Amino acid sequence: QVQLVESGGGSVQAGGSLRLSCAASGRGFSRYAMGWFRQAPGKEREFVAAVSHSIGITAYADSVKGRFTITRDNTKNTVYLQMNSLKPEDTAVYCCAAGRPGIDAAAYDYWGQGTQVTVSS
């Protein structure tokens, strides 16, 4: 089994940046695609970004494309989400997930508990 723990969330002003980290424990990290999802109060969980086994193969939601960057370091069993030019609408709990490649939550088998990101105006 794989356990995922997110970190790096916090409160920032609009236009600021944060880098989220997701550390995985267990075997086979490099076999999994990794994704980031977010959920705001009263809203459905939405896809943010994903990276395949190859660090060069990524996917992003249109709402974050050009502002967020997902990367992974298989030597550290860690995936990152660099978030720049943050907007108040980015406020949400961000969760990382491991599974097969995809942009739907159903593609992922393991989930972290999430880290809060709050962006103020």
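Below you will find a few notes about this structure. (Residues numbered from 1 in each chain as written. Predicted model: local features only at pLDDT ≥ 70, side-chain atom pairs only at ≥ 80, totals over all residues. Heavy atoms only, no water.)

Here we take up the packing of aromatic side chains. Any aromatic ring pair is given by two values, namely how distant the centres are and how the planes are angled relative to each other. Per the stated rule, a full pass over the model turns up 5 aromatic pairs. Aromatic pair Tyr32 and Tyr110: ring centres 5.8 Å apart, planes at 85°, arrangement edge-to-face. Of the two residues, Tyr32 sits in the loop between β3 (18-25) and β4 (33-39) while Tyr110 sits in strand β10 (residues 108-111), which places them 78 residues apart along the sequence. Of the residues examined, Tyr110 reaches a relative accessible area of 23% and is grouped as partly exposed. Centroid distance Phe37 to Phe47: 5.7 Å. Interplanar angle 75°. Geometry classified as edge-to-face. Residue Phe37 is located in strand β4, and its partner Phe47 is located in strand β5 (residues 46-51); the two are separated by 10 residues in the primary sequence. Each member of the pair, Phe37 together with Phe47, is buried. (Phe/Tyr/Trp six-rings, centres within 6.5 Å; stacked < 30°, edge-to-face > 60°. Helix = DSSP H or I, 4+ residues; strand = E, 2+ residues; numbered from the N terminus. Buried < 20%, exposed > 50% of the residue type's maximum accessible area, 1.4 Å probe, protein only.)

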